[in-house]
Amino acid sequence: MQQLQETVKKILDQIRPTLQRDGGDVEFVGIGSDQVLKVRLTGACQGCPMSRITLKEGIEKFVKSELPTIRAVEAVE
């Protein structure tokens, strides 16, 4: 599980610069036994009306393309 977490964090690090250019960021929260990745959107992404699209069409799509074992990405507060 530790190896999976490290891999996911490296993948999120690849996404982070794009989010930071718009004043936002993403934090790793955890991965459940159901292979659902939990993240926290911060900065400008937090509360942004477009954050759901950023999460599903940006972050989730990229993470799943790099690591197909992840079933979904969900945001937590």
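Since we're looking at a predicted model, the values are computed, not measured. (Residues numbered from 1 in each chain as written. Predicted model: local features only at pLDDT ≥ 70, side-chain atom pairs only at ≥ 80, totals over all residues. Heavy atoms only, no water.)

Novice: Before we move on, can you summarise the environment of Cys48 with the specific residues and values?
Specialist: Topologically, Cys48 is positioned in the loop between strand S2 (36-43) and helix H2 (51-66). Counting along the chain gives 24 residues from Cys48 to Gly24, while the straight-line C-alpha distance between them is 9.6 Å. (Helix = DSSP H or I, 4+ residues; strand = E, 2+ residues; numbered from the N terminus.)

Novice: Pulling in residues and values, what's your account of the sheet that holds strand S1 (residues 24-31)?
Specialist: Pairing between the strands of a sheet is mediated by backbone hydrogen bonds and can be parallel or antiparallel. Strand order in the open sheet made by the 3 strands is S1-S2-S3, with mixed pairing throughout. Of all strands in the sheet, those bounded by a partner on one side alone are S1 and strand S3 (72-75). Looking at each pair of strands side by side, their axes are set apart by 35° on average, direction ignored. Where S2 meets S3, 4 bridges bridge the pair, whose relative direction is parallel. (Pairing = 2+ DSSP bridges. Axes fitted to C-alpha atoms, helices over the stretch in contact; angles between N-to-C directions.)

Novice: Explain the side chain of Asp25 to me, and be specific about the residues and the numbers.
Specialist: Looking at where Asp25 falls in the secondary structure, it is placed in strand S1. You can call Asp25 buried: its relative accessible area is 18%. In this structure the side chain of Asp25 is engaged in a polar contact, spanning 2.7 Å, whose partner is the side chain of Arg16. Separated by 3.2 Å, the side chains of Asp25 and Gln20 make a polar contact. The contact partners of Asp25, leaving out residues within four places of it in the chain, are Arg16, Leu19, Gln20, Arg40, Leu41, Thr42 and Cys45. (Buried < 20%, exposed > 50% of the residue type's maximum accessible area, 1.4 Å probe, protein only. Polar contact = N/O pair within 3.5 Å; in protein donor to acceptor, adjacent residues only side chain to side chain. Contact = heavy atoms within 4.5 Å.)

Novice: Would you mind going over the environment of Thr18 in detail, with residue names and values included?
Specialist: Turning to its location among the elements, Thr18 is positioned in helix H1 (residues 2-21). A residue is classified by how much of its surface remains accessible, and Thr18, at 43% relative accessible area, is partly exposed. Put simply, Thr18 and Thr7 are 11 residues apart on the chain and 19 Å apart in space, counted from C-alpha to C-alpha. Polar contacts involving the side chain of Thr18 include one to the side chain of Arg21, which spans 3.3 Å.

Novice: Describe in detail H1, supporting the description with residues and values.
Specialist: A rise of 1.5 Å per residue sets the reference length of H1, with its 20 residues, at 28 Å; its end C-alpha atoms lie 29 Å apart and thus fit the reference within 8%. Of all the positions in H1, only Leu4, Val8, Ile11, Leu12, Ile15, Arg16 and Leu19 are classed as buried. Among the structural elements, S1, S2 and H2 are those in contact with the buried residues of H1. Looking one or two places after H1, you find Gly23, whose phi comes out positive at around 90°. (Expected span 1.5 Å × (residues − 1).)

Novice: So, unusual backbone geometry: which residues are in play, and what are the values?
Specialist: Excluding glycine, residues mostly carry a negative phi; peptide bonds, for their part, are mostly trans. Of note in the backbone geometry, Gln35 takes a positive phi value of approximately 65° without being a glycine. Looking at the secondary structure, you find Gln35 in the loop between S1 and S2. Judged by its relative accessible area of 22%, Gln35 is partly exposed.

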